[in-house]
Amino acid sequence: MLHVIKRISRILASIAVYVICAYGYLTAKGFVYDGKTMILSNTAHAEEQTFSRKVEGDIGILDERIRALGSENAPITIFAYSSMSCAHCRDFHKFTLPKLERDFISEGKVRFVFIHFPIEVIAMRAAKLSYCLPKEKFYDFIDDLYDSRDWLFSKDEKKLYEHAKKFGMSDVDIEKCNADKKLTSDILLVKDKAIENFDIQGTPSFIVDGNGYKELIVGTKKYDDLKAYLEKRLGGE
């Protein structure tokens with residue numbers, strides 16, 4: 001009887017490990033849990049047939065948490081809700097954002113604000129570390145984490161902490177950052193407001209604010225389509 005119990009325990013343990021690994025893999029590939037099943041984050045609003053839709057409400061991010069690229073006087077601001085564990089967010093950051101910087105941000109037409117929308121614990125850890133770094137190191141740290149995914153698939157947070165140390169954080173700094181409950185609360189508050197005000201459920205999602213109104217764009221888009229959309233918005237449409 002004891003032998004049977006031990007065998008059943010080993011089987012259950014194996015199943016648990018498989019489920020955890022599968023969940024980590026899927027979230028890394030851009031899937032989110034919608035309460036029933038795992039779906040691609042950029043199909044979280046599959047019913048949306050248009051490129052964008054108007055929304056209302058406050059972003060709710062504190063000034064001290066704003067990390068922006070571009071001029072404060074730009075006529076349009078893009079708030080990009082991203083998770084550090086999201087593959088589609090990584091693709092946007094690596095391949096689309098540089099084009100936005102070239103065509104719009106550097107020209108003073110668009111201001112870009114990265115907002116953390118963590119979809120799992122390790123993404124929250126990364127988000128907190130990015131805010132604990134000096135502001136001028138924020139985007140370099142984000143770039144570094146998106147370039148190297150070793151920290152995401154590591155069995156613990158040591159790899160993530162190694163990346164933070166490359167940017168000057170000590171063990172004491174990391175421990176203090178992890179223990180910062182207000183920072184956790186700030187991140188979750190903005191996430192909750194995004195869900196409540198804009199019905200954001202997956203990443204990446206974007207709020208485009210300008211000309212007196214906001215619009216929500218869900219998921220990754222072809223750059224040419226995004227460029228055409230922004231040019232229309234800049235033209236007053």
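Small disclaimer: the values here were computed from a predicted structure and weren't measured.

Rules used in this analysis
- Residues numbered from 1 in each chain as written.
- Predicted model: local features only at pLDDT ≥ 70, side-chain atom pairs only at ≥ 80, totals over all residues.
- Heavy atoms only, no water.
- Helix = DSSP H or I, 4+ residues; strand = E, 2+ residues; numbered from the N terminus.
- Buried < 20%, exposed > 50% of the residue type's maximum accessible area, 1.4 Å probe, protein only.
- Contact = heavy atoms within 4.5 Å.
- Areas by Shrake-Rupley, 256 points an atom, 1.4 Å probe, with all protein chains shown as cover.
- Pairing = 2+ DSSP bridges.
- Axes fitted to C-alpha atoms, helices over the stretch in contact; angles between N-to-C directions.
- pLDDT = per-residue confidence, 0-100.
- Parallel < 35°, antiparallel > 145°, perpendicular 65-115°, else oblique.
- Left-handed = near helix turned anticlockwise from the far one by under 90°.
- Disulfide = S-S within 2.5 Å.
- Right-handed = clockwise from strand over helix to strand, strands pointing away.
- Polar contact = N/O pair within 3.5 Å; in protein donor to acceptor, adjacent residues only side chain to side chain.

What the protein contains, in helices and strands, is eight helices and eight strands. For the protein, the residues scored as buried account for 44% of the 237 residues in total. In the protein, the share of contacts with a sequence separation of at least 24, taken over all contacts with a separation of at least 6, comes to 75%. Element-wise, carbon and sulfur atoms account for 53% of the exposed surface of the protein, whose accessible area totals about 12700 Å².

Strand pairing in a sheet relies on backbone hydrogen bonds, with the paired strands running either antiparallel or parallel. Pairing within the open sheet is mixed, and its six strands lie in the order E3-E8-E7-E5-E6-E4. Of all the strands in the sheet, just strand E3 (53-55) and strand E4 (68-69) have a single pairing partner and so form its edges. Summarising the sheet, strand E7 (residues 205-210) and strand E8 (residues 213-218) pair through six bridges and their orientation is antiparallel. Paired with Val208 across the strands is Glu215, a residue of E8. Here helix H4 (residues 138-147) sits on the sheet in contact with E4, strand E5 (76-82) and strand E6 (110-116), set at roughly 60° to E6.

Right, let's get into the confidence of the model for the protein. When pLDDT is averaged along the protein, the result is 86, and 79% of the positions lie at 70 or above. In the model, residues 32-48 has pLDDT below 50 throughout and makes 40 contacts with residues more than four positions away in sequence or in other chains.

Our focus in this paragraph is unusual backbone geometry. Residue Pro204 is reached from Thr203 by a cis peptide bond, and omega for that bond is -5°. Within the chain, Asp199 stands out as a residue other than glycine whose phi angle is a positive 60°. Here Asp199 shows up in the loop between helix H7 (181-198) and E7. Given a relative accessible area of 34%, Asp199 falls into the partly exposed group. For Asn211, which is not a glycine, the phi torsion comes out positive at approximately 60°.

Before going further, it helps to examine the packing of helix H3 (residues 121-132) against helix H5 (residues 158-166). Where H3 meets H5, the closest approach of the two axes is 11 Å, and the angle between their N-to-C directions is 15°. Between H3 and H5, the angle falls in the class roughly parallel. In this structure, H3 meets H5 at a crossing whose hand is right-handed. Where H3 approaches H5, its residues Ile122, Arg125, Ala126 and Leu129 are matched on the opposing element by Leu160, Tyr161 and Ala164.

Evaluation of the coordinates by the stated rule reveals one disulfide. Paired through a disulfide, Cys132 and Cys177 show a sulfur-sulfur distance of 2.1 Å. Residues Cys132 and Cys177 share a disulfide whose torsion about the S-S bond is about 90°; that sign makes it right-handed. One end of the pair, Cys132, is in helix H3; the other, Cys177, is in helix H6 (residues 171-178), and 45 residues separate them in sequence.

The element E6 is largely enclosed, with a buried count of seven among its seven residues. Where burial is concerned, the two faces of E6 agree: the one with Val110, Phe112, Phe114 and His116 and the one with Arg111, Val113 and Ile115 are both buried. In terms of strand pairing, E4 meets E6 through two bridges, oriented antiparallel. By the bridge assignment, Leu69 is partnered in E6 with Phe112. The pairing of E5 with E6 spans seven bridges and is classified as parallel. Pairing of Tyr81 across the sheet is with Ile115, part of E6. Each parallel crossover has a hand, and for E5 linked through helix H2 (residues 87-105) to E6 it is right-handed.

Locating Ser85 in the fold gives a position in the loop between E5 and H2. A polar atom in the side chain of Ser85 sits 3.1 Å from the side chain of Ser83. Within polar-contact distance, the side chain of Ser85 engages the side chain of Glu120 at 3.1 Å.

Bringing the pairing of E5 into the picture now. A large share of E5 lies buried, amounting to seven of its seven residues. Both E5 and E7 contribute to a ladder of six bridges, which runs antiparallel. Considered in E7, the bridge of Phe79 is made with Ile207.

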